[in-house]
Amino acid sequence: MALEAGKQKATEAKRVGGNLQRHDSLYGDAEKVSGARYHGSQDNWVRTLHLAFQCIGVIYGDIGTSPLYVYASSFTSGISNVDDLYGVLSLILYSIILLPMIKYVFVVLYANDNGDGGTFALYSLISRYAKVSLIPNHQAEDSVVSSYGIDTLSTPMRRDQWMKKSLESSKLAKVAIFLLTILGTSMVISDGVLTPAISVLSAVSGLQEKAPQLKQDQIVGISVAILVVLFSVQRFGTDKVGYSFAPIILLWFLFIGGIGIYNLIKYDIGVLRAFYPKYIVDYFQKNGKDAWISLGGVLLCFTGTEAMFADLGHFNVRSVQLSFSFLLFPAVSLAYIGQAAFLRKHPEHVLDTFYKSIPDIAGICVTSVMLITTILLVIVMLLIWRVSIWLIIPFCLVFGSIELVYLSSVLYKFKEGGYLPIVTATILVTIMSVWHYVHVKKYWYELQHVVSNKDMRELIQAHDVKRTSGVGFLYTELVQGISPIFPHLIEKIPFVHSVLVLVSIKHLPIHHVEVSERFLFRNMDSELSRVFRCVARYGYNDKLEGAKEFAASLIEHLQSYIEEEDLITSIQNQENGAPTTSIVGNNTRKHNVGSSKVCIEETLGSSESMELTQPRISIHSAQSSGRVTEDQLHTIAKEKQFIQSELQKGVVYILGETEIRAEPSSSFVKKIVVNYMYSFLKKNFRQGEKAFAIPRQQVLKVGMVYEI
């Protein structure tokens, strides 16, 4: 990529006397990405208007259909006093203005992760500015990836430094942020299970107004058929779905807005006084507990708000702001105002819209996710945006208190269906927590039992390890050091492939990693030649390639790495006048003591790994400068050809088949979690070879038992 000016200056500053310093594959690969930008940063107004039209059909299906059942859910026992409509309408209007519009559309949407939104995107954003991950696999090279996008200030504030240090040093804070993230994610999934059924069923129930002969089971059958069709078309993608449904939803908004204006003029234009917020106070003073309970119905006016943030990756901030401000908000506001005017004259029809008890179920998910978003957003404000504390405090007081009040109201109806989303979310949180807990413990176990270079050399010599043809990919969790799986393999089978690559699949806290930046290579210091470490980085939106495509891409980048490393080694030899052993055919490269060059993978610590100071060098530039001979170029070409020929002979994927057990001294709860719950999940989840689509005949599993 085109590095920022600051990074270029830092690069130039680290050059000493014009000498080439230690080269790492990532630095050169990162330069291949030109003009990388975050999602939506270069969208012009024409594209933004197209996206604004598409998002109408994707993200507003829930909040746009709320007028079907808000009043029915707010007045579950009927309207005893028509003046209460002023208070409820005022609650509806100001709830939409404060929560979806001000909080989400004009604040939360800007807390996106390179264009992606949602609870997990907030967690990823925080993870890039503070090391809150429970797995210690952070590498300094990760921040060089083009979409990592960390903004640094020349004079960091004392507060955000304190915040960063507090989060990184507190395990409790890390666990709390992780649990909030998976809880928010689980609530969104629970809401996704319930909301489509509620919205479709409420819409179809309106048919009974014109066809009263329709029975309850017939309404349900029609709703199920519509849901099947809706879910079937999802596979065509957001683009086609957006263009297909946007005209329908647009027509819906125009109709409900127009009908609202008609009802307002015909029945009671005086309901516009509900814009005076004093009616909210009067409503609570008059009705007390009943007013508080009715909030469980009022909150349905902003269900689906989180979808604007969660689905942001398909659109951009400006398109959502335009569509919400100039279409959704006017349309639904007029619909609620028109309904209030109608009910002032016909209060007996308040329960005809929808079954009064059903929507209270989804309210818990909505308010819980909004509250979690508020908490995570405050961390973003403190750590990343560096907002004044005097702005953060009122933000928390206003939005946090509103969401807590709404949450308390829906929890009041826990026994009437509110337990359903909580049970669903609890099951999901338990699954995620158990899996992550054991995964972290497993990583720490391998880290504590990492094999040293000395032990590795002694092991290879003791077992007289032979080379066999082909390429071997040994998968390991560790991004540095040698996993205990490798020596276990050597002890059982003293053969190593002609080209052996220790592969670590690593997911970065970003939405996407460019293919040219995906692979990070280093040379392993061992008694064997052509043994490399490769860290393959992915974003949380990236799909894993198939085995064949992955192997071809890895080998291609490995050949580039070998070429560049050998060129730089040769040039270093000429400039420094020191003996340097080529990477080709030998994995041990000598270097001057006290120099800034770090050449051996295992000696590369996290603090040293950023000593990447020289952009990539090509064969053409090296040859034209006269610093590389024809013999050296021939040697490089021969080595690349050898690796390609070994690839054609076949690839073997070596996977660790680890059985995780709790230590005998572990607590009873830990034994249940590790030995039974995790074991059950592992047996029923996709295995590694299936996730990578690896042919079974190319898989070699190495069995081990870890006691954690």
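**A look at the overall build of the protein chain**
Here is step 1: Along the backbone of the protein chain there are 24 helices and six strands.
Here is step 2: For the protein chain, the proportion of its 708 residues judged to be buried stands at 51%.
Here is step 3: Of the contacts made within the protein chain by residues no fewer than 6 positions apart, 86% connect residues no fewer than 24 positions apart.
Here is step 4: When the accessible area of the protein chain is evaluated, it comes to approximately 32200 Å², of which 60% is carbon and sulfur surface.

**Some remarks on the side chain of N137**
Here is step 1: Within the secondary structure, N137 sits in the loop between α6 (119-129) and α7 (158-169).
Here is step 2: Residue contacts for N137: discarding those within four places in its chain leaves D142, Y443, V479 and K506.

**Quick notes on the pairing of strand β2 (residues 495-507)**
Here is the key point about a regular strand: its side chains alternate between the two faces of the sheet.
Here is step 1: Of all 13 residues in β2, 10 are buried; the element is thus mostly enclosed.
Here is step 2: Summarising the sheet, β2 and strand β4 (residues 531-538) pair through eight bridges and their orientation is parallel. From the neighbouring strand, S504 faces β4, where its bridge partner is V535.

**Some remarks on unusual backbone geometry**
Trans is the common state for peptide bonds, and a negative phi is the common state for residues other than glycine.
Here is step 1: Notably, D464 is not glycine yet its phi reads approximately 50°, a positive angle.
Here is step 2: Along the chain, D464 turns up in the loop between α18 (453-462) and β1 (466-475).
Here is step 3: Despite not being glycine, R530 shows a phi value in the positive range, around 55°.
Here is step 4: Within the secondary structure, R530 sits in the loop between β3 (519-523) and β4.
Here is step 5: Under the relative-accessibility criterion, R530 is labelled buried at 18%.

**A word on the packing of aromatic side chains**
Here is step 1: Summed over all chains, the structure comprises 21 aromatic pairs.
Here is step 2: Seen from their ring centres, F521 and Y561 are 5.8 Å apart, and the 25° between their planes marks the pair as stacked. Here Y561 lies in helix α20 (residues 547-576) and F521 lies in strand β3, a separation of 40 residues in the sequence.
Here is step 3: Taking the relative accessible area as the measure of exposure, Y561 reaches 2% and is therefore buried.

**Regarding the side chain of D142**
Here is step 1: Examined against the element boundaries, D142 turns out to sit in the loop between α6 and α7.
Here is step 2: Among the residues examined, D142 registers a relative accessible area of 2% and is labelled buried.
Here is step 3: Engagement of the side chain of D142 in a polar contact is seen with the side chain of K506, the distance being 2.5 Å.

**Some words on the nonpolar core**
Here is step 1: Grouped together as the largest cluster of nonpolar side chains are 106 residues, with contacts concentrated most on Y60, Y71, F253 and F324.
Here is step 2: By residue number, the principal contributor to this core is helix α15 (residues 363-385), which donates 16 residues.
Here is step 3: Listed in part, the 31 residues of the second largest apolar core include V438, V451, L489 and V531.

**Description of helix α12 (residues 289-298)**
Because an α-helix completes one turn every 3.6 residues, residues spaced three or four positions apart along the sequence face the same direction.
Here is step 1: Most of α12 sits inside the fold, with seven of its 10 residues counted as buried.
Here is step 2: If you follow the buried residues of α12, they end up packed against α4 (70-74), α5 (84-105), α11 (278-287) and α16 (389-411).

**Regarding helix α8 (residues 171-205)**
Here is step 1: For α8, built from 35 residues, the straight-helix expectation of 51 Å at 1.5 Å per residue is met to within 8% by its first-to-last C-alpha distance of 50 Å.
Here is step 2: The axis of α8 is deflected most strongly, by about 30°, at L194, and proline P196 appears within four residues downstream.

**Details of the environment of N523**
Here is step 1: Its place among the elements puts N523 in strand β3.
Here is step 2: When the C-alpha atoms of N523 and C534 are compared, they prove to be 9.0 Å apart, with 11 residues separating the residues in sequence.

**A word on the packing of α11 against α12**
Here is step 1: Taken N-terminus to C-terminus, the directions of α11 and α12 make an angle of 120°; their axes are 5 Å apart at the nearest point. Taken together, the axes of α11 and α12 lie oblique to each other. Within the contact between the two elements, α11 uses Y283, F284 and N287 and α12 uses K289, D290, A291, W292, S294 and L295.
Here is step 2: When grouped by side-chain class, the residues that make up the contact of α11 with α12 number five nonpolar, two polar and two charged.

**Things to note about the sheet that holds β2**
Remark on secondary structure: sheet strands pair via backbone hydrogen bonds, oriented parallel or antiparallel.
Here is step 1: Strand order in the open sheet formed by six strands is β3-β4-β2-β1-β5-β6, with mixed pairing between adjacent strands. What marks the edges here is a single partner per strand, and that holds for β3 and β6 (699-707). In this sheet, neighbouring strand axes are inclined to one another by 25° on average, regardless of whether the strands run parallel or antiparallel.
Here is step 2: Pairing of strand β5 (residues 651-661) with β6, which is carried by nine bridges, proceeds in the parallel orientation. Bridging from a neighbouring strand, E659 pairs with V705 of β6.

**A word on the environment of P136**
Here is step 1: Position of P136 among the secondary structure elements: in the loop between α6 and α7.
Here is step 2: Distance in space between the C-alpha atoms of P136 and V440 is 8.8 Å, their sequence separation being 304 residues.

**Considerations on the environment of D84**
Here is step 1: By the element assignment, D84 lies in helix α5.
Here is step 2: The class of D84 is buried, set by a relative accessible area of 6%.
Here is step 3: Between the C-alpha atom of D84 and that of Y283, which follows or precedes it by 199 residues, the distance is 6.2 Å.
Here is step 4: The contact partners of D84, leaving out residues within four places of it in the chain, are F75, Y283, K286 and N287.

**Overview of the pattern of salt bridges**
As a working rule, side chains carrying opposite charge can pair if their charged atoms are close by.
Here is step 1: All told, the structure shown has 19 salt bridges when counted by the stated rule.
Here is step 2: One salt bridge connects D160 with R386, and the closest N-O pair in it is separated by 3.0 Å. One end of the pair, D160, is in helix α7; the other, R386, is in the loop between α15 and α16, with 226 residues separating them in the sequence.
Here is step 3: Judged by relative accessible area, which is 3%, D160 ranks as buried.
Here is step 4: Of the charged contacts in the structure, one is a salt bridge between E563 and K640, with a shortest N-O distance of 2.8 Å. Pair noted here: E563 is in helix α20 and K640 is in helix α22 (residues 630-649), with a separation of 77 residues, a long-range link.

**A few points about the confidence of the model for the protein chain**
Here is step 1: On average, residues of the protein chain score 82 in pLDDT, and 83% of them are at 70 or above.
Here is step 2: Taking the mean pLDDT of every element in the protein chain, the minimum, 37, falls on helix α1 (residues 5-13) and the maximum, 96, on α5.
Here is step 3: Residue range residues 1-39 is modelled with pLDDT below 50. Its contacts to residues more than four positions away, or to other chains, number 100 contacts.
Here is step 4: Residue range residues 586-615 is modelled with pLDDT below 50. Its contacts to residues more than four positions away, or to other chains, number 85 contacts.

**Some details on the packing of α5 against α15**
Here is step 1: One way to put it is that α5 packs onto α15 with a least axis distance of 13 Å and a crossing angle of 30°. Between α5 and α15, the crossing angle belongs to the class labelled roughly parallel. α15 is crossed by α5, and the crossing has left-handed handedness. Here L99, K103 and Y104 of α5 come into contact with α15, specifically with V369, M370, T373 and T374.
Here is step 2: Here the residues of the contact of α5 with α15 sort into four nonpolar, two polar and one charged.

Here is what the cut-offs are and how they apply
Residue indices follow the written sequence of each chain, beginning from 1 at its first position. With the structure being a predicted model, the display of local features is reserved for residues of pLDDT at least 70 and the display and counting of side-chain atom pairs for 80 or more, all residues being used for whole-chain, interface and lining totals. Only heavy atoms go into the side-chain values, all of them from the structure, while hydrogens and water stay out. The numbering of helices and of strands both runs from the N terminus, where a helix is a DSSP run of H or I of at least 4 residues and a strand a run of E of at least 2. Relative accessibility thresholds used throughout: buried, under 20% of the residue-type maximum; exposed, over 50%; partly exposed, between the two (1.4 Å probe, protein chains only). In this description, contact between two residues means that some pair of their heavy atoms is separated by no more than 4.5 Å. Computed with a 1.4 Å probe, the accessible areas rest on the Shrake-Rupley method; for each residue, only the protein chains presented here act as cover. Following DSSP output, two strands are said to pair if at least two bridges run between them. Pairing of aromatic rings covers Phe, Tyr and the six-membered ring of Trp, with a centre-to-centre limit of 6.5 Å; geometry is then stacked below 30 degrees between planes, edge-to-face above 60, and tilted otherwise. In the analysis that follows, any N or O atom pair within 3.5 Å is treated as a polar contact, provided that within protein one partner can donate a hydrogen and the other can accept it, and provided that, for residues neighboring in sequence, both atoms belong to side chains. Put simply, buried Ala, Val, Leu, Ile, Met, Phe, Trp, Tyr and Cys residues joined by side-chain atoms within 4.5 Å make one nonpolar core. Expected helix span is taken as 1.5 Å per residue step, with the number of steps being one fewer than the number of residues. A residue's bend is the angle separating two fitted axes: one through the seven residues that end there, the other through the seven that start there. Lines fitted to the C-alpha atoms define the axes, with helices restricted to the stretch that makes contact. Angles between their N-to-C directions range from 0 to 180 degrees. Here the word oblique covers every angle except those under 35 degrees (roughly parallel), over 145 (roughly antiparallel) and from 65 to 115 (roughly perpendicular). Side-chain classes are defined by residue name, with Ala, Val, Leu, Ile, Met, Phe, Trp, Tyr, Cys and Pro counting as nonpolar, Asp, Glu, Lys and Arg as charged, and the others, Gly among them, as polar. Salt bridge, as used here, is a side-chain nitrogen of Lys or Arg placed within 4 Å of a carboxyl oxygen of Asp or Glu. Confidence of the predictor at the level of single residues is given by pLDDT, which spans 0 to 100. Crossing handedness: left-handed means the near helix sits turned counterclockwise from the far one by under a right angle, and right-handed means the same turn made clockwise.

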